[in-house]
Amino acid sequence: MWTVGSGAMAAGLAALGLLATAACSTGGTGARDAGPAPTDQGAPGMAAPVPAASASPTLKRVDAVRLIKDDPKVSDRVKADLKPCAADVYPVDTSYGNLTDTGAPDVVVNVLTCGDAVGIGTYVYRPSEDGERGYENVFTLEEPAVYSTIDRGDLIVTKQRYERDDPVAYPSGEDVITFRWTSDRFTQHDLVQTEYNKAVGGDLGGPVPTAPDGN
């Protein structure tokens, strides 16, 4: 009787030890095992604020037609050709940008023809240093098919080159000249010349071929 009772008691103690071990490995205090709650999460649906875009500076536009007509450096021929194409719309393109480092935008004016929009004169106007005389002409080029643009502080002048009997739509080549403002004047910085292949979409000249008789 004592031997059997002692064995049963030993078996019961062993079973209690196993249950305690299982409880320690799978149980616990809950919150401590899960770790602290995250503190850097915002409320659902709240996005980070978007920075406001900076407003573009107000552009002070000029009367390009008046600049051309009042400019003594513009030829009488260009002034005479500068007429409205329709109603009060003049064939004038105007660009604003930094070319001469005055702190205010320079103005590039291209005068075109009404019919085929071919440039006949291009001009650069620089704000006067005293701010009272308006603008002064610092660049003038009057040639057929000329046009100027502003590219990252450079003045880019494009000229179409025509040989004898070239139609307006098919020049023989093109010159692209880069000017930079140096010592109070524009100086040539780069020149790219292109010769056009008139066999591709151009006018080859000569008589138009005709079909043989009977065809």
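Basis of the calculations
- Residues numbered from 1 in each chain as written.
- Predicted model: local features only at pLDDT ≥ 70, side-chain atom pairs only at ≥ 80, totals over all residues.
- Heavy atoms only, no water.
- Pairing = 2+ DSSP bridges.
- Helix = DSSP H or I, 4+ residues; strand = E, 2+ residues; numbered from the N terminus.
- Axes fitted to C-alpha atoms, helices over the stretch in contact; angles between N-to-C directions.
- Phe/Tyr/Trp six-rings, centres within 6.5 Å; stacked < 30°, edge-to-face > 60°.
- Buried < 20%, exposed > 50% of the residue type's maximum accessible area, 1.4 Å probe, protein only.
- Core = buried A, V, L, I, M, F, W, Y, C linked by side-chain atoms within 4.5 Å.
- Contact = heavy atoms within 4.5 Å.
- pLDDT = per-residue confidence, 0-100.
- Salt bridge = Lys/Arg side-chain N within 4 Å of Asp/Glu carboxyl O.

(A) Structural view of the sheet that holds strand S2 (residues 106-112). Spatially, the four strands line up as an open sheet ordered S1-S2-S3-S4, and their pairing is antiparallel. In this open sheet, the two edge strands, each paired with only one partner strand, are strand S1 (92-97) and strand S4 (135-141). This sheet shows a mean twist of 20 degrees between the axes of neighbouring strands, independent of strand direction.

(B) Broad picture of the packing of aromatic side chains. A complete count under the given rule lists three aromatic pairs for this structure. Measuring from ring centre to ring centre gives 5.8 Å for Phe139 and Phe186, while their planes differ by 80 degrees; the resulting arrangement is edge-to-face. With a gap of 47 residues between them, Phe139 in strand S4 and Phe186 in strand S8 (residues 185-195) connect regions that are remote in the sequence. With respect to burial, Phe139 and Phe186 carry one shared label: buried. With 5.0 Å between their ring centres and 75 degrees between their planes, Trp181 and Phe186 make a pair best called edge-to-face. Through pairs of rings, three or more aromatic residues link up here, namely Phe139, Phe179, Trp181 and Phe186.

(C) The arrangement of the nonpolar core in detail. With 15 residues, the main nonpolar core has Ile68, Val109, Val111, Tyr123 and Tyr125 as its most contacted residues. Breaking this core down by element, the ones donating at least two residues are helix H3 (64-70), S2 and strand S3 (119-127). Among the elements that make up this core, the one with the highest residue count is H3 (four residues). For Val109, the residues in contact, after removing those within four places along its chain, are Ala64, Ile68, Val92, Asp93, Thr94, Gly121, Thr122, Tyr123 and Tyr125. Counting residues in hydrophobic clusters, the runner-up holds 12 residues, among them Leu141, Leu155, Ile177 and Phe179.

(D) Layout of the side chain of Thr178. Residue position: Thr178 is located in strand S7 (residues 173-182). Take Thr178: its relative accessible area is 11%, and that puts it in the buried class.

(E) Looking closely at the sheet that holds strand S5 (residues 146-151). Pairing in this open sheet of four strands is antiparallel, and the strands run S5-S6-S7-S8 from one edge to the other. Either end of the sheet is taken by a strand with one partner, and the two such strands are S5 and S8. The average angle at which neighbouring strand axes cross in this sheet is 20 degrees, direction not considered. Of the strand pairs in this sheet, strand S6 (residues 154-161) and S7 are connected by seven bridges, and their pairing is antiparallel. By the bridge assignment, Gln160 is partnered in S7 with Glu174.

(F) Broad picture of the confidence of the model for the protein chain. When pLDDT is averaged across the protein chain, the result is 78; 64% of the residues are at 70 or more. Contacts for the low-pLDDT stretch residues 1-34, under 50 throughout, to residues beyond four places or in other chains number four contacts. This stretch, residues 206-211, has a pLDDT under 50; its non-local contacts, to residues over four places away or in other chains, come to zero contacts.

(G) Just the side chain of Ser148, in detail. Within the element layout of this structure, Ser148 appears in strand S5. In this structure Ser148 comes out as buried when scored by relative accessible area, which is 0%.

(H) Structural view of the pattern of salt bridges. Counted by the stated rule, this structure contains seven salt bridges. Between Lys159 and Glu143 there is a salt bridge; the shortest N-O distance is 3.5 Å. Here Lys159 is found in strand S6, whereas its partner Glu143 is found in the loop between S4 and S5, with 16 residues between them in sequence. For Lys159, a relative accessible area of 17% translates into the label buried. According to the relative accessible area criterion, Glu143 is partly exposed, its value standing at 30%. A salt bridge links Asp154 to Arg180; its shortest N-O distance comes to 3.0 Å. Of the two residues, Asp154 sits in strand S6 while Arg180 sits in strand S7, which places them 26 residues apart along the sequence. Of the residues examined, Asp154 reaches a relative accessible area of 15% and is grouped as buried.

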